[in-house]
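# Structural overview
What follows is each chain in one-letter form.
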Amino acid sequence: MIGAGARIIHVDVMDGHFVPPITFGPLIVGAIADLVHDAGAAIDVHLMIERPERRVQEFVHAGADNVTIHVEATPHVHYALMKICEAGASAGAAITPATPADALAEVADDLLGVALCMSVDPGWGAQELIPASLGKLERMRSSLPGQVALEVDGGVHRDTAAACAAAGANLLVAGSAVFASDDPGAAYREIAAAAEAPFESR
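What this report covers is the structure whose coordinates are included nearby. (Residues numbered from 1 in each chain as written. Predicted model: local features only at pLDDT ≥ 70, side-chain atom pairs only at ≥ 80, totals over all residues. Heavy atoms only, no water.)

Our next topic: the overall build of the protein chain. Tallying secondary structure elements over the protein chain gives seven helices and seven strands in all. For the protein chain, the α and β elements follow one another from N to C terminus as β-α-β-α-β-α-β-β-α-β-α-β-α-α. The dimensions of the protein chain, computed from C-alpha atoms along their principal axes, are 45 × 35 × 30 Å. Here the protein chain holds 202 residues, and 46% of them are scored as buried. Taking as baseline every contact in the protein chain between residues at least 6 positions apart, the subset at least 24 positions apart corresponds to 59%. Element-wise, carbon and sulfur atoms account for 53% of the exposed surface of the protein chain, whose accessible area totals about 9,700 Å². (Helix = DSSP H or I, 4+ residues; strand = E, 2+ residues; numbered from the N terminus. Buried < 20%, exposed > 50% of the residue type's maximum accessible area, 1.4 Å probe, protein only. Contact = heavy atoms within 4.5 Å. Areas by Shrake-Rupley, 256 points an atom, 1.4 Å probe, with all protein chains shown as cover.)

Structurally, the α-helix is built with 3.6 residues per turn, so residues lying three or four positions apart point the same way. Taking 1.5 Å of rise per residue, 12 residues should cover 16 Å, and helix α4 (residues 132-143) covers 17 Å from first to last C-alpha, within 8% of that figure. Considered for burial, the residues of α4 that qualify are S133, K136, L137 and M140. One side of α4 holds all its buried residues, which, seen down the axis, span an arc of 105°. Exposed residues on α4 whose side chains face more than 90 degrees from its buried face are R139 and S142. Where α4 is buried, its residues meet β4 (90-95), β5 (112-118), β6 (149-153) and α5 (161-166). (Expected span 1.5 Å × (residues − 1). Arc of directions from axis to C-beta.)

Another aspect to go through is the layout of surface pockets. Of the voids in this model, the largest pocket is the one considered here, and its volume is about 1,200 Å³. Taken together, 47 residues line the largest pocket, and the ones lying closest to its centre are H10, L172, V173, A174 and G175. At the level of elements, β1 (8-14), β2 (42-48), β6, β7 (171-173), α6 (176-179) and α7 (184-196) are the ones that each hand at least two residues to the lining of the largest pocket. A total of six residues in the lining of the largest pocket trace back to one element, the largest contributor, which is β1. Residue composition of the lining of the largest pocket, grouped by class: 28 nonpolar, 11 polar and eight charged. (1 Å grid on protein atoms, 1.4 Å probe; cavity = no way out; pocket = protein on both sides within 12 Å on 5 of 7 lines; lining within 4 Å. Points joined across faces, edges and corners; volume = space filled by probe spheres on them. Nonpolar A, V, L, I, M, F, W, Y, C, P; charged D, E, K, R; others polar.)

Our next topic: the environment of P75. Mapping P75 onto the fold places it in the loop between β3 (66-70) and α3 (77-87). Separated by 22 residues in the primary sequence, P75 and E53 have C-alpha atoms spaced 9.8 Å apart.

On to the pattern of salt bridges, then. Applying the stated criterion to the full structure yields four salt bridges. One salt bridge in this structure joins R51 and E53, with 2.6 Å as the shortest N-O distance. On the basis of relative accessibility, which here comes to 27%, the residue R51 falls in the partly exposed class. Residue class for E53 comes out buried when judged on its relative accessible area of 11%. (Salt bridge = Lys/Arg side-chain N within 4 Å of Asp/Glu carboxyl O.)

By size, the foremost hydrophobic cluster in this structure holds 49 residues, and its most contacted members are V45 and L81. Aside from chain neighbours lying at most four places away, what touches V45 is V11, V13, V29, F59, A64, N66, V67 and T68. Among the nonpolar cores identified, the runner-up in size contains five residues, and M14, F18, M48 and A73 belong to it. (Core = buried A, V, L, I, M, F, W, Y, C linked by side-chain atoms within 4.5 Å.)

Taking strand neighbours across the sheet as the criterion, the seven strands line up as β1-β2-β3-β4-β5-β6-β7 in an open arrangement whose pairing is parallel. Unpaired on one side and paired on the other, β1 and β7 mark the two borders of the sheet. Strand-to-strand, the axes of this sheet are offset by a mean angle of 25°, without reference to chain direction. Looking at chain direction, β5 and β6 are connected through five bridges and run parallel. Looking at β6, one finds that C117 is bridged to V152. Against the sheet, helix α1 (residues 26-38) touches β1 and β2, its axis set at about 150° to β2. Lying over the sheet, α3 contacts β3, β4 and β5, oriented at roughly 150° with respect to β4. (Pairing = 2+ DSSP bridges. Axes fitted to C-alpha atoms, helices over the stretch in contact; angles between N-to-C directions.)

See below:
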């Protein structure tokens, strides 16, 4: 993907508790860190795990440039974000489809580098983007400081990328739309081009 132009590698970490699937941990992040960084790209770790404040430093030390935690996964969102920043990475916070768009208001000004809007229910690939997510993206963008990146994750492909970008997202996460393709590099380039194209609502 980096050869196709991607500059951020998004790594989904799942614990089998916050979401049913289990993926991988800091060892895998550490295994790819030099390859990603030497190619001029960054690692964006998305923690879909319970009590992420207990693990964030491990992922930063393994090579994560940004670590995003879920507000639904901890009672200590501010503390978790602070721990990420103290470890030397950019801090992100994600919200699931049922969480209100203004849930990040209290941490947006001083700690937040990335706000992640889940446009599907977290934990499973190949889902369709929930249409209401586009309005939610707009509300999030209007309420967030300009320096906070707005990321969208779920159901992003060449037919939804333009609408996501028009709604305010400037980081788009694509999984199955790229890796289930016969030509992942071409699929990535199609999505990137769609995100930059003018969007007309229908």
